[in-house]
Structures are given as C-alpha cells and as structure tokens.
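# Understanding the architecture of this molecule
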Amino acid sequence: MNNFTFYNPVKVLYGPGEVRCVGVEAARYGKRALLVSYADVGFYGDLPQRIHGWLAECGLSCADAFLATANPKLSEARQGVAIGRQEGVDVVIGLGGGSAMDLAKVIAAGILYPHDLRRMIRFTHSEDGYQIPPTDALPMVMVPTLPATASEMNPTAVITDETTLRKSYVWEPSCLYPKVSILDPALTVTLPAYQTACGALDAMSHVVEPFFFSDEATFGNLSLHDHMQIGVIHAIYENVEKVLAHPADIQLRGLMQWSATVGLNGWLTCGVQGWTPMHQMGHVLSSHFRATHGATLACMMLAWMRFFADRPDSARFVKLAALVFGTNDLHKAADTLEAFVRRVGVESRISQFGCTKADLDMLTDGLVSVSFGADGKLASIPPIDRAEAKRIYELAL
C-alpha cells in the first residue's frame, strides 16, 4: 500500500440505550445546542423531546432545526445556519440518517463560514479554486438512526444545489469530524424495510467501490485490504435479509449499524483508492430523479459490473465476484446481485426511477459538469471518458 496519514478523532458510544448519554456528551462542548433533523420528525415519536430533556438535565438549552429532506439541499443548510446564528448555539447535534447528519455538518461549519455557502461544496472537479473548504466548525454530536453513510465517523457531507441540480460533497478532516457519535441500535428497529435495505446497499457500496478501484499496480500489496473489505461486504450481504425477517433483533440491527460505520470511517482505505466513480454517477440520479441514494448505488454497482464483464481489465471485478458470489463470470455475479437487490425490495434499474434512454445525455452531462476532472475523465481505475460513462448509464436502464 502507499504512504498514508490516518486520523479519526471520533469518540463512539455503542449499544442499546446509549442515546440517553447525549446530554452528558454535548455538555463537554457547549451550553446551547442546535438539534438538526428531518423536516418531519413524527416517526421518531417523543425522541426529540427526550433529547431535549437529557440536554436540560446536563444544563444545555436547545433550539431545533428540523429541515432535512432526502438528499439535503443548500436552501435547508442556509435556513439552519440562520437559525444557529440567531439562537447563538455552540454545539450541533445531528439526529437521523446520512441526510440529517450531512446537513448538520454543513450547518455546523456554515455558522462560522465567511463565504457564500455554495463555495464550501465541491460542485466542480475541473475548476481549481472554485471550492473554498471550511476551516472551522462548531463541535458536533451525531445520533445516527439509519445505518448507511458512516457520516457519524467521517469528515464528509453531501448536499444538493437545487437551483442547478448539482449534488456533491465537502470533505474536510480539519473540522468536519464529529466529536462524539452515539450508535444506539435500538433507534433503528422501527426503520421501514425499504430504508433498511437501501441503507445496507449504500453501506455495501462504500466497500465494493474501493475494492473495484484499487489495484496492485497502483497501490502495491492489497492482501489486508481485500480481507477486511470482503469481510465487511459479507457481513452486510449475508445479514440484510435476516434483519428484514427479524426487524426487532437488536443484535442484527447492531451488526448492520457497526458494519455501515466501519465501511466508510477510513479503516478500509488507508493507503489505497480514494475515488468514488459509482457514487458520482449515483449523485446525478438522486438530484435529477429524487431517487433514494442507496437505491442509486445498487443500480450503479450492477451497471459497472456489467460494463467490465467483457473487458480485459476486469481483474478486480472478477476477484470480488469470485469471493462474494462464487463465480468468475461477471454476468452471473451481476445477475445474482440483482436478484438479491430485488428480493430486499430495492430498485435495480434506473428506469424504475423514471429514467429513459432519452435522459442518458442529460445524466452524462450532469456527471461531466460536476465530477469530471480537467483531463476530461472520471477518476477511477481505469479513468472513464464521457462515452463510457453514458454506456454505464445505459447498462443501468
């Protein structure tokens, strides 16, 4: 593997009932909290009120920013920043899945950010100097309720500019790591089956992607990475249907929650790939068709496998197919994965989002405008050009 520097300062509290510690943990960082969650928090019952109570017991007051929608938007972040500044908050708490936690991160940085919020996000990969990353953020406590993105243990946030339909990210280790994340699997037992499955597929894609796009020629010996990555993939793939069959099983829920966190907290990619071409393509589907993020990644995993099925440079794809699906035939592996995706109730084709062949140029243009570099390619191994990207979208129909 290549040289690397690893840093992850997030304190993790794991276990049923640990959410009651939110006040104790937040009190280490402030006196006035901003609770960031979904625009509709009705499905949480009295959890927001209980969080207010636990905060009050520890001497914190709390304002609410219930703003997040699926694929959170810049307008929601702007509203949250305004609320946070007006309320004089000094600590931010994110309650929810990736959408709520990512919004909480942008708000926590945005409250201190001196520029237009749009400049914080990397909405182009081809224009040097466009993005102005944040240098500071209010301390954050995360309470994830949907295992998927690992936003609770990484310094990344994804957000959409609804005026341009560009969806992209900010990655900033200097200030966007949460201080504390409370992983309470009891908070996930009432998740609907569809959200549970989409979250699992999203988490799985976070590990499949670096496996596909790391190779020995570029990164050297990958034996440790391969074993760790395949282990996490197996843990998710082999247990999703068990979770769906036994949704109240705390041990199964906890397994999925920790697997999702490990999938993108940095452990599995030290010294290897940092490119996310499948995610870049999925982001365009989310922003244009309001498709659920995990479902877009299911479609893109399948499309990339089929794209490489008849190519000579498919060694990493074939290796994963053999280790996970028991075949060297990528077509058969993709068919097996697609059958699995359908069994757990998630879309496996982008036509199920409403996409048609007439939309392929629009999708490709959206990908090029945000994610292609100055070299006119999408970063991956090997780099992908526009025609190849369009073909991958076509295979996903």
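One structure accompanies this document, and this report is about it.

What counts as what
Residues numbered from 1 in each chain as written. Predicted model: local features only at pLDDT ≥ 70, side-chain atom pairs only at ≥ 80, totals over all residues. Heavy atoms only, no water. Helix = DSSP H or I, 4+ residues; strand = E, 2+ residues; numbered from the N terminus. Rg over C-alpha atoms; globule rule 2.2 N^0.38 Å. Buried < 20%, exposed > 50% of the residue type's maximum accessible area, 1.4 Å probe, protein only. Contact = heavy atoms within 4.5 Å. Expected span 1.5 Å × (residues − 1). 1 Å grid on protein atoms, 1.4 Å probe; cavity = no way out; pocket = protein on both sides within 12 Å on 5 of 7 lines; lining within 4 Å. Points joined across faces, edges and corners; volume = space filled by probe spheres on them. Nonpolar A, V, L, I, M, F, W, Y, C, P; charged D, E, K, R; others polar. Pairing = 2+ DSSP bridges. Axes fitted to C-alpha atoms, helices over the stretch in contact; angles between N-to-C directions. Right-handed = clockwise from strand over helix to strand, strands pointing away. Phe/Tyr/Trp six-rings, centres within 6.5 Å; stacked < 30°, edge-to-face > 60°. Lys NZ or Arg CZ within 6 Å of the ring centre and 35° of its normal. Patch = residues over 30% accessible without salt bridge, like charges linked within 9 Å, V, L, I, M, F, W, Y side chains within 5 Å. Areas by Shrake-Rupley, 256 points an atom, 1.4 Å probe, with all protein chains shown as cover. Salt bridge = Lys/Arg side-chain N within 4 Å of Asp/Glu carboxyl O.

### Quick notes on the overall build of the protein
A count of helical and extended segments in the protein gives 15 helices and eight strands. Against the compact-globule benchmark of 21 Å for 397 residues, the protein has a radius of gyration of 20 Å, which places it among compact chains. Per-residue burial over the protein gives 58% buried out of 397 residues. Look at the contacts in the protein between residues 6 or more apart in sequence, and 79% of them connect residues 24 or more apart.

### What to know about helix α4 (residues 98–110)
Its 13 residues give α4 an end-to-end C-alpha distance of 18 Å, which sits within 8% of 18 Å, the value for a rise of 1.5 Å per residue. Within α4, 13 of the 13 residues are buried, which leaves the element mostly enclosed by the surrounding structure.

### Observations concerning the layout of surface pockets
The computed volume of the second largest pocket comes to approximately 180 Å³. Taken together, Ala 70, Asn 71, Lys 73, Thr 160, Glu 162, Leu 165, Ser 286, Ser 287, His 288 and Arg 290 make up the full set of residues lining the second largest pocket. Top contributing element to the lining of the second largest pocket by residue count: helix α10 (residues 277–289), with three residues. Partitioning the lining of the second largest pocket into residue classes produces two nonpolar, five polar and three charged.

### Description of the sheet that holds strand β2 (residues 32–38)
In spatial order, the strands read β1-β8-β5-β4-β2-β3; together these six strands make up an open sheet with parallel pairing. Here the strands that pair on one side only, and so sit at the sheet edges, are β1 (11–14) and β3 (61–68). Each neighbouring strand pair of the sheet contributes to a mean axis angle of 20°, computed without reference to strand direction. With seven bridges joining them, β2 and β3 adopt parallel strand pairing. Bridging from a neighbouring strand, Leu 34 pairs with Ala 63 of β3. Sitting on the sheet, helix α3 (residues 74–87) is in contact with β2 and β3, with an inclination near 170° to β3.

### Topic: the pairing of β2
With seven of seven residues buried, β2 is to be regarded as a mostly interior element. Taking the sense of rotation as the criterion, the β-α-β connection linking β2, helix α2 (residues 47–57) and β3 turns out right-handed. Here β2 runs beside strand β4 (residues 91–96); their pairing, made up of four bridges, is parallel. By the bridge assignment for β4, Leu 34 is matched with Val 92.

### A short note on the packing of aromatic side chains
In the structure shown here, the tally under the stated rule is 16 aromatic pairs. Ring centres 5.8 Å apart and planes at 85° place the aromatic pair Tyr 7 and Tyr 177 in the edge-to-face group. Separated by 170 residues along the polypeptide, Tyr 7 in the segment before β1 and Tyr 177 in the loop between β7 (166–171) and β8 (180–183) bring together distant segments of the chain. We classify Tyr 7 as exposed; its relative accessible area is 51%. With a relative accessible area of 12%, Tyr 177 lands in the buried category. Aromatic pair Phe 307 and Phe 308: ring centres 5.4 Å apart, planes at 85°, arrangement edge-to-face. For the pair formed by Phe 307 and Phe 308, the shared burial category is buried. One aromatic cluster is present, formed by Phe 212, Phe 213, Trp 304, Phe 307, Phe 308 and Phe 317 through successive ring pairs. Across the ring face of Tyr 130, the terminal group of Arg 119 is positioned such that the distance to the ring centre comes to 5.2 Å. Its guanidinium or amino end placed over the ring of Phe 211, Arg 316 lies 4.1 Å from that ring's centre, counting from NZ or CZ.

### Topic: a nonpolar patch on the surface
The grouping of Met 1, Phe 4, Phe 6, Tyr 14, Leu 224, Met 228, Trp 258 and Trp 267 at the surface amounts to a nonpolar patch, some 770 Å² of accessible area in total. As for its position among the elements, Leu 224 is in helix α7 (residues 223–237). With a relative accessible area of 51%, Leu 224 lands in the exposed category.

So, to be careful, I would describe these as geometric facts and stop short of saying anything about function.
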